[in-house]
Amino acid sequence: MIGLLLLWICTLIVNSLTHPAVIIPQDPTLTIGSSLTASCSVDPDLNLKVEDLFWTLNGRRLPAELYKILNSTSLSVVLNNLNGSKQQSGDNLVCHGKDGRILAGSCLYVGLPPEKPTNITCWSKNMKDLTCKWIPGSEGETYLHTNYTLKYKLRWYGRDNTCLEYHTMGPYSCHIPKDLALFTPYEIWVEASNRLGSTTSDIITLDILDVVTTDPPSDVHVSRVGDLEDQLSVRWSSPPALKDFLFQDKYQIRYRVEDSTEWKVVDDVGNQTSCRLAGLKPGTVYFVQVRCNPFGIYGSKKAGIWSDWSNPTAASTPRSERITGVCDPKSGEQNSTLRRELKQFFGWVKKHAYGCSNLSIKLYDQWRVWLQKSHKTRNQVAEKENTKEAKLKA
C-alpha cells in the first residue's frame, strides 16, 4: 500500500501540467554505484531566481555544493555513487522554489538486474494440479520490483504455457489448476525481469506421476489397548483421493505429550494402516498425527512427497494402579520379583495357550492385563493390612 502511494505521488509530480518546471532526465533507471546529473529548468515567465532553487531526495535537502547553475533558468545537481532505491516505486528527486514549493519531480530507479531464480520445486495434489515454488535472486530483488513468470510445456512437442495463479504458496510460487497431461514429462522454468533487464532459470524436467502428494490420511482414531497403561492403538484410512489409482503408500506417525511441543516420530510404519505406540507414560494425554507418502504410482520409480500431517487426535493412557506411599522394591527384590513374574507368565501360557507354539502379541497383552489385575489385588490386600496394623497401634 505504501509503495502504491509513493508511486502515485511520484506520477502526480511528473505528470501534473500545473508544475512550472521540468527535470531532465525523467524517471531514469540506473545500476547501483552509478552517477547522475539532473537539471531543473523553470519557466522564464515566472521570474524565479535560479540561485533560490534547491533539491531534495526522498524529502531530504541535498547540500548546495552538489548544485551548479547552468543558466538563468536551469539548476543542476550531481549525485555520485548512487545506492539502491529505498522503495521499489522509485526514489523521489524534487526541485523546489525558495519558499519550498514543489516545482518539478522525477523518480530514480536504482538497483541491479535480476539474478536467475533457482531451486524450482513442484508437486501435484492427487494428480489433479501442479504447484511450483522457487528461490529468487539475492539483493537485486531488494531495490527494484521484479516480475516472475512461471512457464511450462510438454517436453517434445508442446507449446509454451504461462502459469496465471501466483502467490498461492508464498511470494514466489504459482499454481496450475488443471489441463495437465500424465505419462509425459514437462519442461518448467521461471523468467525474472525488472527495469534493468531479464534472466531465465535453468529448465527442470518432471513427470506429474513423480511429484504426487496427497491429502493427509483420514479417519485417524487413537484408543487404549485394554488396561495396558503404557500403550495406545492408532488406526487410520488411506487417502481417499487416490483409492482408484495404482500406487503404494507408506506412513509416518508422530506423537507428543499434551503439555509439550516436542514430537516423537515413528518412521517404520510401512504401508499398514494401524500401529501400536508403546513405552508411553501412564495416565497421560497424547496427541497423535499421521501422514502419507504415495509412491510407485502407475509404476513410477521416484519417491513420492509426504502429505501434510493429519489433524491432531487425542487419547489418554490408563492411570497406574500403584498405591501411593508403597515403596519400590530394592534391586535384589526386583530380581526376585522378575523371576517370580516370569514363572507366573510361563505357567499362565501353559494354562491358556493350549499347546500353541507361537506366542502372539495378543496373548502377551492378555497376560499383561492379568498381571496388572493381580498386582492391583495384591496392593489392595497390602493396603488393608497396613490400615489394620495402624489401627491396632493407635
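Starting from 1, residues in each chain are numbered consecutively following that chain's sequence as written. Residue-level local features of this predicted model are given only where pLDDT is at least 70; pairs of side-chain atoms are given and counted only at 80 or more, and the full residue set underlies all totals for whole chains, interfaces and linings. Water and hydrogen atoms play no part in the side-chain values, which are based on all heavy atoms of the structure.

Helix and strand assignments follow DSSP, with helices taken as H or I runs no shorter than four residues and strands as E runs no shorter than two, numbered in order from the N terminus. Helix and strand counts for the protein stand at four helices and 26 strands. Relative to its 394 residues, the protein shows a buried fraction of 39%. Counting contacts in the protein only where the partners sit at least 6 residues apart, residues at least 24 apart contribute 64% of the total. Residue-level accessible areas treat just the shown protein chains as cover; the underlying method is Shrake-Rupley with a 1.4 Å probe. Surface summary for the protein: the accessible area is close to 23,500 Å², and the carbon and sulfur share equals 52%. Note on exposure labels: buried denotes an accessible area under 20% of the residue type's maximum, exposed denotes more than 50%, and partly exposed covers the range between, all computed with a 1.4 Å probe on protein chains only. By definition in these notes, contact holds between two residues if any of their heavy atoms fall within 4.5 Å.

Before going further, it helps to spend a moment on the nonpolar core. Counting residues in hydrophobic clusters, the biggest one holds 23 residues, and the most contacted among them are Trp55 and Leu79. Every element with two or more residues in this core is listed here: strand E1 (21-24), strand E3 (36-42), strand E4 (54-57), strand E7 (74-79), strand E8 (91-96) and strand E9 (102-111). Ile120, Leu154, Ile188 and Val190 belong to the second largest nonpolar core, which has 19 residues in total. Residues enter a nonpolar core if they are buried and are Ala, Val, Leu, Ile, Met, Phe, Trp, Tyr or Cys, with the set joined through side-chain atoms within 4.5 Å.

Bringing the confidence of the model for the protein into the picture now. pLDDT measures the predictor's confidence residue by residue and takes values from 0 up to 100. When pLDDT is averaged along the protein, the result is 80, and 74% of the positions lie at 70 or above. This model gives residues 1-9 a pLDDT under 50, and the stretch forms six contacts once residues within four places in sequence are excluded.

Glancing now at the sheet that holds E1. Read across the open sheet, the four strands follow the order E1-E3-E7-E6; overall the sheet is antiparallel. The strands lining the two open edges of the sheet, one partner per strand, are E1 and strand E6 (67-71). Geometrically, the sheet is characterised by an average inter-axis angle of 25° between neighbouring strands, direction not taken into account. Pairs of strands are assigned from DSSP output, requiring at least two bridges between the strands. As paired elements, E1 and E3 share four bridges and run antiparallel to each other. Note on E3: the bridge partner recorded for Ile23 is Cys40. Only the contacting stretch of a helix is used when fitting its axis, a line to C-alpha atoms as for every element, and angles between N-to-C directions run 0 to 180 degrees.

Assignment of secondary structure puts Trp306 in the loop between strand E25 (285-295) and strand E26 (313-316). Residue classification places Trp306 among the partly exposed residues on the basis of a relative accessible area of 27%. Residues Trp306 and Asn293, 13 residues apart in the sequence, show an inter-C-alpha distance of 4.5 Å. Setting aside residues up to four positions removed in sequence, Trp306 forms contacts with Thr213, Lys250, Tyr251, Gln252, Arg291, Cys292 and Asn293.

Before going further, it helps to examine the state of the cysteines. Only a pair of cysteine sulfur atoms within 2.5 Å counts as a disulfide in this structure description. Evaluation of the coordinates by the stated rule reveals three disulfides. Each disulfide pairs two cysteine sulfurs, and for Cys40 the partner residue is Cys95, the sulfurs being separated by 2.2 Å. Across the S-S bond linking Cys40 and Cys95, the dihedral sits near -80°, which makes this disulfide left-handed. Highlighted residues: Cys40 in strand E3 and Cys95 in strand E8, separated in sequence by 55 residues. Accessibility expressed as a relative area gives 0% for Cys40, which makes it buried.

The next point concerns the packing of aromatic side chains. Any pair of Phe, Tyr and Trp rings, taking the six-membered ring for Trp, is counted once the centres come within 6.5 Å. Such a pair is stacked with planes under 30 degrees apart, edge-to-face with planes over 60 apart, and tilted for the rest. In this structure the tally under the stated criterion is five aromatic pairs. When the centroid spacing of 6.1 Å and the interplanar angle of 45° are considered together, the rings of Trp134 and Tyr148 count as tilted. One end of the pair, Trp134, is in strand E11 (residues 130-135); the other, Tyr148, is in strand E12 (residues 147-154), with 14 residues separating them in the sequence. For the pair Trp134 and Tyr148, one class covers both residues: buried. Both rings, one in Tyr152 and one in Tyr186, keep their centres 6.2 Å apart while their planes meet at 55°; by these two values the pair is tilted. Within this pair, whereas Tyr152 is found in strand E12, its partner Tyr186 is found in strand E16 (residues 186-194), the two being separated by 34 residues in sequence. Whether a charge sits over a ring comes down to the Lys NZ or Arg CZ being within 6 Å of the ring centre and within 35 degrees of the ring normal. The ring of Phe54 is capped by Arg61, whose NZ or CZ atom sits 3.8 Å from the centre of that ring. Just above the ring of Trp263 sits the side chain of Arg254; from NZ or CZ to the centre is 4.2 Å.

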